[in-house]
Amino acid sequence: MNARGLTVRPLRAQEHDWLEQQLRRLWGSTQIVSRGHVHDAARLPALVVEAGGELAGVATFEVRDGECEIVTIDAFRQGEGIGSALLEAIVGQAAREQCRRVWLITTNDNLPALRFYQRRGLRLVAVHAGVVEESRRVKPSIPLVGEYGIPIRDELELELVLGPSARRPS
């Protein structure tokens with residue numbers, strides 16, 4: 001438990017149906033497309049945050065080729081440190097698995113995510129212009145227009161380089 005009364009732990013076997021329901025509710029599907037790769041997020045390792053006896057957030061991730069990709073991260077309540085706790089736990093897991101970096105994809109409309117990740121030390125390292133159209137071929141439910149009325153066109157790649165001198169999220 002951290003100072004805010006949050007506990008981060010791995011998803012329990014009996015919670016897989018819950019995870020699938022949350023992914024469908026929040027993402028429209030368990031399928032998540034990033035950089036042309038289709039993830040079934042319901043089958044990935046997941047961490048949850050407990051706050052006050054209830055599940056307050058969830059994140060899925062995949063460790064592959066010495067890197068850790070955050071596939072989904074969702075705090076069910078904002079401003080309580082839930083997203084930060086999930087991010088910190090994933091970074092810790094990636095460091096224990098000796099990953100070179102933690103990275104993720106978000107879309108160009110997701111301004112709150114860009115703010116959140118950059119404030120916690122992740123850097124914007126690539127703009128994959130126009131690739132969301134390709135992702136829609138795999139997952140047609142990806143909206144044409146996102147937050148703030150911004151057309152969803154591009155994938156933005158953010159990363160946190162791990163190592164002895166790497167900055168950890170705060």
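Our structure's up above, just so we're on the same page.
Residues numbered from 1 in each chain as written. Predicted model: local features only at pLDDT ≥ 70, side-chain atom pairs only at ≥ 80, totals over all residues. Heavy atoms only, no water.

> Sorry, what's going on with the overall build of the chain here?
The secondary structure content of the chain amounts to 4 helices and 9 strands. Secondary structure elements of the chain, listed N to C terminal, follow the sequence β-α-β-β-β-β-β-α-β-α-β-α-β. Relative to the compact-globule value of 15 Å for 170 residues, the chain shows a C-alpha radius of gyration of 15 Å, a close match. The buried share among the 170 residues of the chain stands at 46%. Sequence-distant contacts, at least 24 apart, represent 67% of the contacts inside the chain between residues at least 6 apart. Here the chain has roughly 9100 Å² of accessible surface; of this, 48% comes from carbon and sulfur atoms. (Helix = DSSP H or I, 4+ residues; strand = E, 2+ residues; numbered from the N terminus. Rg over C-alpha atoms; globule rule 2.2 N^0.38 Å. Buried < 20%, exposed > 50% of the residue type's maximum accessible area, 1.4 Å probe, protein only. Contact = heavy atoms within 4.5 Å. Areas by Shrake-Rupley, 256 points an atom, 1.4 Å probe, with all protein chains shown as cover.)

> Explain the side chain of Ser135 here, please?
For Ser135, the position within the fold is in helix α4 (residues 132–138). The buried category is assigned to Ser135, whose relative accessible area is 5%. When residues no more than four places from it in sequence are discounted, the contact partners of Ser135 are Val33, Ile142 and Glu155.

> Explain the environment of Arg24 to me, please; I cannot follow it from the model alone.
In this structure, Arg24 sits in helix α1 (residues 16–27). Along the sequence, Arg24 and Glu88 sit 64 residues apart, while their C-alpha atoms lie 25 Å from each other. Other than its neighbours up to four places away in sequence, Arg24 contacts Ser29 and Thr30.

> Is there a simple way to explain the packing of aromatic side chains in this structure?
Two measures describe an aromatic ring pair: the distance that separates the ring centres and the angle between the ring planes. Enumeration over the complete set of coordinates arrives at 2 aromatic pairs. Both rings, one in Trp18 and one in Phe76, keep their centres 6.0 Å apart while their planes meet at 65°; by these two values the pair is edge-to-face. Residue Trp18 is located in helix α1, and its partner Phe76 is located in the loop between β6 (67–75) and α2 (82–96); the two are separated by 58 residues in the primary sequence. Against the face of Phe76 rests Arg25, its NZ or CZ located 5.6 Å from the ring centre. (Phe/Tyr/Trp six-rings, centres within 6.5 Å; stacked < 30°, edge-to-face > 60°. Lys NZ or Arg CZ within 6 Å of the ring centre and 35° of its normal.)

> Would you explain the sheet that holds strand β7 (residues 101–107) in this entry?
Within a sheet, neighbouring strands are paired by backbone hydrogen bonds and run either parallel or antiparallel to one another. What the 7 strands build is an open sheet, ordered β1-β4-β5-β6-β7-β9-β8; its pairing is mixed. Of all strands in the sheet, those bounded by a partner on one side alone are β1 (6–10) and β8 (123–128). Here the average twist between neighbouring strands, direction ignored, is 25°. Sheet analysis places strand β4 (residues 46–51) next to strand β5 (residues 54–64), joined by 6 bridges and oriented antiparallel. In the strand pairing of β5, Ala46 is matched with Thr60. Where α2 meets the sheet, its contacts fall on β1, β4, β5, β6, β7 and β9 (155–161), and the angle it forms with β6 comes to roughly 160°. Its contacts with the sheet put helix α3 (residues 111–119) on β6, β7 and β9, and the angle it makes with β9 is roughly 15°. (Pairing = 2+ DSSP bridges. Axes fitted to C-alpha atoms, helices over the stretch in contact; angles between N-to-C directions.)

> Explain the pairing of β6 to me, please; I cannot follow it from the model alone.
Within a regular strand, side chains alternate between the sheet's two faces. Of all 9 residues in β6, 8 are buried, a share of seventy percent or more. Where β5 and β6 come together, 8 bridges link them in antiparallel fashion. By the bridge assignment, Glu62 is partnered in β6 with Glu69. Here β5 hands over to β6 after 2 residues, with Asp65 in that stretch at a positive phi of 55°. Pairing geometry for β6 and β7, over 4 bridges, is parallel. Looking across to β7, one finds that Cys68 is bridged to Val102.

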